[in-house]
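Each chain is listed here by its residues.
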Amino acid sequence: MADNNEVQQEGAFPERDLQIHSIGSYTLDLNANKHTNLEATDNEADYMNFIHGIVHEISTQGGRQFICNSMHTEVINIVSQIVNGNIDFSEVEAIADRLLRIEVEAQEKISKLGKQLHEGLLIISHITDRNVEKIIICKAETLSYIERKTFTQQDGFPLKKKIFKSVQITFDNDKNIEEIYVNDINESISKYWWDTFLELAKKYEDEENTRKAFSIIESKILNIIRKESNIDFWNLRNTTIHYFRSNEEFEIEDYIEKCLNGYAPEKEDLDIEKFAVRARELPTKFAFDPQFSLVKKAITAKIKKTISLHESIDLVLKGEVNPGTIESARNDRNEKGIFIKTSTGFDEFGG
């Protein structure tokens, strides 16, 4: 366990005021049902840079927001006591014991399905990040490899870090828990991590997240685009509806990549990159999670859109509309109108 109260790696994170007070790291061996405390000193620069890099990366992230079920649950109680100075940081070993026990049980359940948990490296750190005190708990990837001189299997840490799961707990000036952010490399956050291990509750339920995310994207991104280009608004609205209806999970970066970054605007000077940047900020600005399970029924009413065509005619859109189905048109008298591709409508009106 490394204590870094006196030692700071100047220049390691030049753009961020990050102080790492204490770090504990543990390997978890589910087969042997044991964990090993990895003792390291600041003289072991490569390893400490690896650990500090992971802590730094997590501290820059947001994540799905959770709240405490109780201040007396094991993990929450330990981290709160540490931040308040009531117990020594070494007590975090009880957190490693807890996670090992829970992961062994979880592995027994999923092994019947032919699945296996990532064992990885458990890292627990106490930091101050830009004057905000935090506890970070995460699982990072370890690597087995064949050593090229001895040709024996060795374990190590990849330079290209992969973080499987994390929780970032922030504290206010009175050392009370303020925010809790949870991340998972999987599409959905593993229940054993946030529920069984951390004993947390979701701050926003999936249905509320689904409804709010769609509404905010429509009002703060799509409707702004509509002011610049109608056709791009409709194309992107259809793409957004398709994303919400065809995916099981919402993840803001995935939405941006699939719906915005890959889109070629019809209007040449429409700055899609500008809207991608805005979209990335929406969860923080408008209080919904950047990752959650989609509840499709929550957006049925939101998807429906009514367009007034005439004082006695409305066009009701109930979902995405394929390109070419509805187009603007002019007749031979140069009168404006729309063309709707429909065999049923054609027959209905005497075609």
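Position numbers for residues start from 1 in each chain and track the written sequence from start to end. Given that the model is predicted, a residue must reach a pLDDT of at least 70 before its local features are reported, and side-chain atom pairs must reach 80 or more before they are shown or counted; all residues, however, enter totals for whole chains, interfaces and linings. Heavy atoms from the whole structure form the basis of all side-chain values; hydrogens and water molecules are not counted.

## Focus: the overall build of the protein
Then comes step 1: Along its length, the protein carries 10 helices and 17 strands.
Then comes step 2: Summarising the internal contacts of the protein: among those between residues at least 6 apart in sequence, 64% fall at separations of at least 24.
Then comes step 3: Within the structure as shown, the protein displays about 19800 Å² of accessible surface, and the carbon and sulfur contribution to it stands at 46%. Here a helix means four or more residues in a row that DSSP labels H or I, a strand means two or more in a row labelled E, and each is numbered from the N terminus. Contacts were defined at the residue level, with two residues in contact if any of their heavy atoms lie within 4.5 Å. Shrake-Rupley sampling with a 1.4 Å probe provides the accessible areas, and residues are treated as covered by the protein chains on show and by no other component.

## Here's the deal with the pairing of strand β15 (residues 313-317)
Then comes step 1: Between any two strands, at least two bridges found by DSSP are needed for them to pair. Here strand β14 (residues 305-310) pairs with β15 via 5 bridges, running antiparallel. If you follow His310 over to β15, its bridge partner there is Ile313.
Then comes step 2: Counted along the chain from β14 to the antiparallel partner β15, the turn is 2 residues long.

## Some words on a nonpolar patch on the surface
Then comes step 1: Only residues above 30% relative accessible area that lack a salt bridge enter a patch, with like-charged residues linked at up to 9 Å and the nonpolar side chains Val, Leu, Ile, Met, Phe, Trp and Tyr linked at up to 5 Å. We define a salt bridge as a contact between a side-chain nitrogen of Lys or Arg and a carboxyl oxygen of Asp or Glu at a distance within 4 Å. Judged by side-chain polarity, Leu309, Ile313, Ile338 and Ile340 come together as a nonpolar surface patch covering roughly 320 Å² of accessible area.
Then comes step 2: Inspection of the secondary structure assignment puts Ile340 in strand β17 (residues 336-340).

## Focus on the nonpolar core
Then comes step 1: In this description, a nonpolar core means a group of buried Ala, Val, Leu, Ile, Met, Phe, Trp, Tyr and Cys residues linked to one another through side-chain atoms lying within 4.5 Å. Buried means the residue's accessible area, taken with a 1.4 Å probe over protein chains only, is under 20% of the maximum for its type, while exposed means over 50%, and partly exposed covers the values in between. One finds Ile95, Ile137, Ile180 and Phe197 to be the most contacted residues of the largest nonpolar core, which totals 37 residues.
Then comes step 2: Listing elements by their share of this core, those giving two or more residues are β2 (18-29), α2 (74-83), α3 (93-110), β5 (121-129), β6 (132-140), β9 (163-171), β10 (177-184) and α4 (191-197).
Then comes step 3: The leading source of residues in this core is α3, at 7 residues.
Then comes step 4: Leu222, Tyr263, Phe275 and Ala276 belong to the second largest nonpolar core, which has 29 residues in total.

## Notes on the confidence of the model for the protein
Then comes step 1: Chain-level pLDDT for the protein is 84 on average; 87% of the residues reach the 70-or-more range.
Then comes step 2: Here strand β1 (residues 2-3) stands out as the element of the protein with the lowest mean pLDDT, 51, in contrast to α2, whose mean of 97 is the highest.
Then comes step 3: The score called pLDDT rates the predictor's confidence residue by residue, from a low of 0 to a high of 100. Throughout residues 4-14 the model reports pLDDT below 50, and contacts reaching past four residues in sequence, or to other chains, amount to 20 contacts.

## Section: the side chain of Asp129
Then comes step 1: Mapped onto the fold, Asp129 is located in strand β5.
Then comes step 2: Polar contacts, as used here, are pairs of N or O atoms within 3.5 Å; protein pairs need one atom able to donate a hydrogen and one able to accept it. Residues neighboring in sequence count only if both atoms are side-chain atoms. Here Arg130 takes part through its side chain, which lies 3.5 Å from a polar atom of the side chain of Asp129.

## Section: unusual backbone geometry
Then comes step 1: One non-glycine residue, Arg130, adopts positive backbone phi at about 50°.
Then comes step 2: Relative to the helices and strands, Arg130 is located in the loop between β5 and β6.
Then comes step 3: Using a relative accessible area of 49% as the deciding quantity, one classes Arg130 as partly exposed.
Then comes step 4: The backbone of Ala287 shows a phi angle near 55°, a positive value even though the residue is not glycine.
Then comes step 5: Mapped onto the elements, Ala287 comes out in the loop between α8 (272-286) and β13 (291-293).

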